[in-house]
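Commentary on secondary and tertiary structure
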Amino acid sequence: MAEFDTPTLKPYPEIPPIEIGVMAHSKPYVAKEDIQQKIGFPGELIDNWQQVAIDKMGELVNNSRALRVFLDSCVKCGACTDKCHYYLGTSDPNNMPVARQDLFRSVYRRYYTLAGKYFPRLVGARDMDQGVIDEWYSYFHQCSQCRRCSVYCPYGIDTAEISMAAREIMDTIGVGQKYCNEIIGKAQTIGNNLGLPEPALADTLEGLEEDIEEETGVTVRMPLDVKGADILLITPSADFFAEPHVDGLIGYAKVFHQAGMSWTLSSYASEAANFGMFIGSYENMQVLALRIREAALELGVKRIVFGECGHAWRVAYNFLNTLAGPFDFLDSRYPMPQHICEVTYDLLQRNALKMDPSANDDMVLTFHDSCNIARGSRMGDFEGGQFVIPREVIKASCNHFVDMPADTTQEATFCCGGGGGLLTDDLVELRVKGALPRMEALKQVVDHHGVTHLAAICAICKSQFSKILPYYGFEMDQVVSIHQLVSNAIQLGGEQ
Ligand code: SF4
Ligand code: SF4
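Residues numbered from 1 in each chain as written. Chains lettered and ligands numbered in written order. Predicted model: local features only at pLDDT ≥ 70, side-chain atom pairs only at ≥ 80, totals over all residues.

1. Considerations on the pairing of strand β6 (residues 453-456)
Cut-off, in case you're wondering: Here a residue counts as buried when 20 or more other C-beta atoms sit within 10 Å of its C-beta, as exposed when there are 12 or fewer, and as partly exposed otherwise, the C-beta atoms being derived from the backbone. Elements are defined by DSSP. Helices are runs of H or I of four residues or more, strands are runs of E of two residues or more, and each kind is numbered from the N terminus. Pairing between strands is defined by DSSP: at least two bridges between them are needed. Handedness of a crossover is defined as follows: with both strands directed away from the viewer, a clockwise route from the first strand across the helix to the second makes it right-handed.
Alternating residues of β6 divide into His453 and Ala455 and Leu454 and Ala456, and every residue in both groups is buried. Bridge analysis of strand β5 (residues 365-367) against β6 gives 3 bridges, and the strand direction is parallel. Counterpart to Phe367 in the pairing with β6 is Ala455. Pairing of β6 with strand β7 (residues 479-481) involves 3 bridges; the strand directions are parallel. When the sheet's bridge partners are listed, Ala456 is paired in β7 with Ser481. Crossover handedness for the path β6 to helix α20 (residues 459-468) to β7: right-handed.

2. Some details on the packing of helix α12 (residues 245-259) against helix α21 (residues 482-489)
This is how the line gets drawn: A fitted line through C-alpha atoms represents every axis, and for helices the fit uses only the stretch in contact; the resulting angles, taken between N-to-C directions, go from 0 to 180 degrees. Angular relationships are summarised with four words: roughly parallel below 35 degrees, roughly antiparallel beyond 145, roughly perpendicular across 65 to 115, and oblique for the angles in between. Handedness of a crossing is defined here by the sense of rotation of the near helix relative to the far one, left-handed for an anticlockwise turn of less than a right angle and right-handed for a clockwise turn. A pair of residues counts as a contact when their C-beta atoms, built from backbone coordinates, are within 7 Å of each other.
With their axes 7 Å apart at the nearest point, α12 and α21 run at an angle of 55° to one another. Here α12 lies oblique to α21, going by the angle between them. For the crossing formed where α12 meets α21, the hand is left-handed. Between α12, through Asp247, Gly248, Ile250, Gly251, Tyr252, Lys254 and Val255, and α21, the contact on the second element is made entirely by Ile482, His483, Gln484, Val486 and Ser487.

3. Some remarks on the site of ligand 2
For clarity, the threshold we go by: Each residue gets a C-beta atom placed from its backbone. Should that atom fall within 6 Å of a molecule or strand, the residue is termed near it. Only Asp, Glu, Lys and Arg are considered charged, only Ala, Val, Leu, Ile, Met, Phe, Trp, Tyr, Cys and Pro nonpolar, and every remaining residue, Gly among them, polar.
All residues in the neighbourhood of ligand 2 are listed as Cys74, Val75, Lys76, Cys77, Gly78, Ala79, Cys80, Pro97, Val98, Cys153, Tyr155 and Ile157. In terms of residue class, the shell around ligand 2 is built from 10 nonpolar, 1 polar and 1 charged.

4. Quick look at the sheet that holds β5
With parallel pairing, the 3 strands of this open sheet are ordered in space as β5-β6-β7. The sheet is open, and its two edges are formed by β5 and β7, each paired on a single side. On average, each strand axis in the sheet is inclined to that of its neighbour by 40°, with strand direction left out of account. Contacting β6 and β7, α21 crosses the sheet at an angle of about 70° to β7.

Take a look at the structure:
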C-alpha cells in the first residue's frame with residue numbers, strides 16, 4: 001500500500017472544501033527517449049519547445065471546431081465543478097473540470113484571441129512556459145477522459161477533448177507519459193499491450209481450452225488464426241491472463257460454442273485496447289486500427305466482434321471506419337463493429353442459449369457502467385442500448401441484480417478512477433481517491449441490498465477495481481466480468 005490516506009466512505013456523497021495544490025505532486029513517470037521515438041515523438045524536451053507547443057495548439061484548434069467551441073464558450077456557471085470524481089476524491093480545485101480546462105484555455109487565450117494578445121492580464125491569459133507544462137503534466141494526467149462533466153455542462157463542453165489535446169501537445173514537444181506510450185509501442189510492434197508473441201498466445205489459449213474441458217467435460221475451442229472463420233474476435237489482451245478478465249473470455253468462447261458460430265482470434269491483431277486515444281494521437285490510433293483491418297482481410301472473416309473493453313469499444317464504435325474503413329468486405333447483414341454483449345443479447349432474444357441463472361445464486365450483483373460505453377458510444381439499434389443490453393445479459397445470467405443509485409449509473413456513471421491511461425502504479429494515490437464516488441455508491445447497495453459483487457464490462461475497470469477495492473474494505477475478487485456470469489450460467493452439452 002502506498003503512503004496516503006484512503007478517503008472515508010460516507011453514507012451520501014459530500015462536496016469537499018477545496019485544498020489548493022494538494023495533488024500537484026501527482027505525476028506519472030515520463031517516457032524515456034526510446035519509448036517516445038518508437039511512436040513518432042521527440043525523445044526529450046526539444047530546444048524550441050515553446051513555439052512548437054503554441055503552433056501545435058493552433059493546429060489542433062484549427063482542425064477541430066469542437067475544441068475551439070469548448071475553449072471559447074465556457075461562461076463559468078460552475079455546474080461542472082462538483083461532477084468530477086477526481087475533485088470529489090482529492091479536494092484539489094484544479095480537478096474541477098472548469099479549472100482543468102482553464103489550465104489550457106488560459107494559454108490558448110494568450111496566443112489565439114485578440115484580447116489575450118493585447119490585454120493578457122485582463123482576460124487571465126498566460127504565457128506558455130515551464131510552469132504551464134509542469135502543471136499540465138500533473139493535472140492532465142488527473143483526468144480519465146470520462147466525459148461526466150460534459151453531461152452537466154449547459155454547453156456540452158467536453159474536458160476529455162481538452163485533456164487529449166494537452167497530452168498531444170506535450171508528446172509533440174517530447175514530454176510523454178511512460179505508461180501509455182510504452183504500451184502503444186508494444187501493441188504496434190507485437191500486436192498487443194502485453195507484448196505476448198504468437199507462441200505464448202497459442203499456449204495460453206490451449207491451456208484455457210484444457211481448463212474448460214476439465215471443468216465442464218465439453219471441448220470448447222479457443223481458435224487462433226483460423227482462416228475462413230466467420231467471426232474475428234478482437235479483445236483486450238488482459239482477457240488472456242488477468243482475473244476476472246479471463247473468465248469473461250471463457251464466457252465468449254462458450255457463447256460461440258453453444259450457438260455453433262465459427263470464430264477466431266488473431267495473433268497479429270491481438271489487442272482491442274487502443275491507447276492512442278488517451279494521448280489524442282490520431283496517427284497512433286490508426287496504426288492499431290489498420291492491424292485489425294489487415295487481420296480481417298487476411299483471415300477472410302465476415303464479421304468483427306469486440307470483447308469487453310470500454311475505450312476499445314469507443315474507438316471501434318466511433319472511429320474504426322474513419323481510421324481503417326471502409327469495411328465493405330464484411331457481411332453487410334451485421335453492424336460493424338459488433339460488441340460481444342450485442343451478440344449474446346441477440347442470441348438470448350432468440351432463445352439460442354440455454355441458461356441457468358441459479359448457477360450465480362451465490363452472488364447478488366450490481367453493474368458498473370463504464371464511461372466510454374455509457375457516454376462515448378452506444379450498443380444495439382435503439383437509444384440507450386448501451387445501458388439496457390449489458391443489464392439484460394446480466395439478468396439472464398443471475399437471479400439477483402440491483403442497480404446502484406440512479407445519479408451514479410448510466411449517463412451519470414462515475415469513472416472507476418483508473419481510465420484514460422491512468423491505470424499505472426505511479427498514480428495509485430489518484431486512482432484510489434478518484435474511485436471514492438463509485439465506492440460510496442457500491443457501499444450503499446452493499447449495505448441496503450446485500451450486494452456481493454460488482455459486474456464490469458471494461459478491462460481497465462476490472463483491473464482498477466481489483467486493485468482498489470481492498471483500500472475501501474472490500475475484497476479484490478468482488479469484481480466480475482459480465483461474460484463470467486454468462487460462463488457460469490450457460491448449460492453446455494445441450495442442443496446447439
Ligand atoms: S472528463 Fe472526467 S476526469 Fe476529466 S475533468 Fe471531466 S469528469 Fe473529470
Ligand atoms: S459547466 Fe460548462 S460552462 Fe459551466 S463552468 Fe463548467 S465548463 Fe464552464
